[in-house]
Amino acid sequence: MKIALIGYGKMGKAIEEVALAKGHEIVLKIDVQNNHEFTKENIQKADVAIEFTGPHSAFENVKKCIELGVPVVSGSTGWLEKWDEIKKVCDEHNGCVVYSSNYSIGVNLFFEVNKQLAKLMEPYNDYDVSMVELHHTEKKDAPSGTAISLAEQILSNIGRKKQWVNNPSLTPSDLVITSERIDPAPGTHTVTYSSAIDTIEIIHTAHTRKGFASGAVLAAEFANKKNGIFTMKEVLGL
Ligand SMILES: NC(=O)c1ccc[n+]([C@@H]2O[C@H](COP(=O)([O-])OP(=O)(O)OC[C@H]3O[C@@H](n4cnc5c(N)ncnc54)[C@H](O)[C@@H]3O)[C@@H](O)[C@H]2O)c1
């Protein structure tokens, strides 16, 4: 498979390593200094584009890939207020986009555990639920996209929580997400249900970026020659 990398930072480089090891070819690498090379002719040499840039540029990059007919796997976080627009563009162009706030297989299994635990905890009002996410200091957005996904899964299942907040709060209907930034943590997410009697906690800790990169390459293999809007749930058949 021929892959275009849009964003050649920590993730772009980790994805390149995994993709080459699996026998794929990197036909284009776009970063800020060679953005002018992100042309129709160049991008269409790729079967799939993998986009890991950041919150400020993801929307334009993903939209451009769809408009130019190249399936795109995006991992950039912090831009999902534009997601409905992307869905519209994708429908209009019969395109293909895969999005996940976290491509690691372990986190996607953790998402399923989180949903299941929230369903179990729903009737037990004595437990308050809160979350902590820990990342490296270069991370630009807070809370992490993964924390937002986990929070939304909890809000869909725990009726007594109405919204997530990224600051301390004593309002019982707030789901508090605490963001901590400590180097070199690739990412830890903790969901805690606490009562006066006991605490139930689930934790996912990423040890390296390789898990995200392997999942992103798997998603690119899935997206090749497909049309539609997908998440890791479909990629992994969960
Ligand atoms: N979904 C996941 O599994 C997952 C995992 C890790 C990181 N992320 C997210 O992916 C994004 C990138 O993470 P990273 O750790 O590689 O960051 P990074 O800062 O190391 O790399 C981003 C790269 O994108 C480049 N860039 C910025 N704007 C660009 C543009 N307009 N066109 C082309 N390149 C551009 C930057 O110069 C940089 O080299 C972040 O939003 C991060 O939160 C997602």
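What this report covers is the structure whose coordinates are included nearby. (Residues numbered from 1 in each chain as written. Predicted model: local features only at pLDDT ≥ 70, side-chain atom pairs only at ≥ 80, totals over all residues. Heavy atoms only, no water.)

Description of the sheet that holds strand 5 (residues 96-99)
Here is step 1: A sheet is described by the order of its strands in space; here 6 strands give the open sequence 2-1-3-4-5-11, paired in parallel fashion. The open sheet has two edge strands, strand 2 (25-30) and strand 11 (228-230), and neither has a second partner. Strand-to-strand twist in this sheet, taken as the mean axis angle between neighbours without regard to direction, amounts to 20°.
Here is step 2: Sheet topology places strand 5 next to strand 11; 3 bridges connect them, and they run parallel. Counterpart to Cys96 in the pairing with strand 11 is Gly228. (Pairing = 2+ DSSP bridges. Helix = DSSP H or I, 4+ residues; strand = E, 2+ residues; numbered from the N terminus. Axes fitted to C-alpha atoms, helices over the stretch in contact; angles between N-to-C directions.)

Overview of the state of the cysteines
Here is step 1: Throughout the structure, instances matching the rule amount to 0 disulfides.
Here is step 2: Cys96 provides the cysteine sulfur closest to Cys90, a residue in no disulfide bond, and the two sulfurs are 6.5 Å apart.
Here is step 3: In this structure Cys90 comes out as buried when scored by relative accessible area, which is 2%. (Disulfide = S-S within 2.5 Å. Buried < 20%, exposed > 50% of the residue type's maximum accessible area, 1.4 Å probe, protein only.)

Topic: the site of the ligand
Here is step 1: Around the ligand, the surrounding shell holds 25 residues, and the nearest of these are Met11, Asp31, Asn35, Thr77 and Tyr103.
Here is step 2: Within the backbone of Lys10, an N or O atom sits 2.9 Å from an oxygen atom of the ligand.
Here is step 3: The contact in question runs from an oxygen atom of the ligand to an N or O atom on the side chain of Thr77, over 2.7 Å.
Here is step 4: Coverage of the ligand by the protein chains reaches 82% of its 860 Å² of free accessible surface.
Here is step 5: In terms of residue class, the shell around the ligand is made up of 7 nonpolar, 13 polar and 5 charged.
Here is step 6: There are two domains that each give the shell around the ligand at least three residues, and those are domain 1 (2-103 + 210-236) and domain 2 (105-205). (Near = heavy atom within 4 Å. Polar contact = N/O pair within 3.5 Å; in protein donor to acceptor, adjacent residues only side chain to side chain. Areas by Shrake-Rupley, 256 points an atom, 1.4 Å probe, with all protein chains shown as cover. Nonpolar A, V, L, I, M, F, W, Y, C, P; charged D, E, K, R; others polar. Domains from an automatic or database assignment.)

Details of the sheet that holds strand 6 (residues 128-135)
Here is step 1: Taken in spatial order, the 5 strands line up as 7-8-6-9-10 in an open sheet, and their pairing is mixed. Only two strands of the sheet have a single partner each, and these edge strands are strand 7 (163-165) and strand 10 (199-205). When strand polarity is set aside, the average angle formed by the axes of neighbouring strands in this sheet is 20°.
Here is step 2: Sheet strands touched by helix 5 (residues 105-121): strand 9 (188-194) and strand 10. Its angle to strand 10, the strand with the most contacts, is close to 165°.
Here is step 3: Strands in contact with helix 6 (residues 145-157) are strand 6, strand 7, strand 8 (174-181) and strand 9; relative to strand 6, the strand with the most contacts, it is inclined by about 170°. (Contact = heavy atoms within 4.5 Å.)

Description of the environment of Gly215
Here is step 1: Here Gly215 shows up in helix 7 (residues 210-223).
Here is step 2: Distance in space between the C-alpha atoms of Gly215 and Ser100 is 9.7 Å, their sequence separation being 115 residues.
Here is step 3: For Gly215, the contacting residues outside a window of four places in its chain are Tyr103 and Met232.

Considering a nonpolar patch on the surface
Here is step 1: The grouping of Ile105, Leu109 and Leu238 at the surface amounts to a nonpolar patch, some 250 Å² of accessible area in total.
Here is step 2: Here Leu109 is to be found in helix 5. (Patch = residues over 30% accessible without salt bridge, like charges linked within 9 Å, V, L, I, M, F, W, Y side chains within 5 Å. Salt bridge = Lys/Arg side-chain N within 4 Å of Asp/Glu carboxyl O.)

Some points on the packing of aromatic side chains
Here is step 1: Tallying each qualifying case throughout the model produces 5 aromatic pairs.
Here is step 2: Ring centres 5.9 Å apart and planes at 55° place the aromatic pair Phe52 and Tyr103 in the tilted group. Residue Phe52 is found in the loop between strand 3 (48-51) and helix 3 (58-67), and its partner Tyr103 is found in the loop between strand 5 and helix 5; the two are separated by 51 residues along the sequence. Both residues of the pair, Phe52 and Tyr103, count as buried.
Here is step 3: Ring geometry for Trp79 versus Tyr99: centroids 5.7 Å apart, planes at 90°, classification edge-to-face. Taken together, the residues Trp79 in the loop between strand 4 (72-74) and helix 4 (83-92) and Tyr99 in strand 5 connect sequence positions 20 residues apart. Summarising the burial analysis for this pair, Trp79 and Tyr99 share the class buried.
Here is step 4: Grouping aromatic residues by their ring pairs yields a cluster made of Trp79, Trp83 and Tyr99.
Here is step 5: For Lys82, the ring lying beneath its charged end belongs to Phe59, and the centroid distance is 4.6 Å. (Phe/Tyr/Trp six-rings, centres within 6.5 Å; stacked < 30°, edge-to-face > 60°. Lys NZ or Arg CZ within 6 Å of the ring centre and 35° of its normal.)

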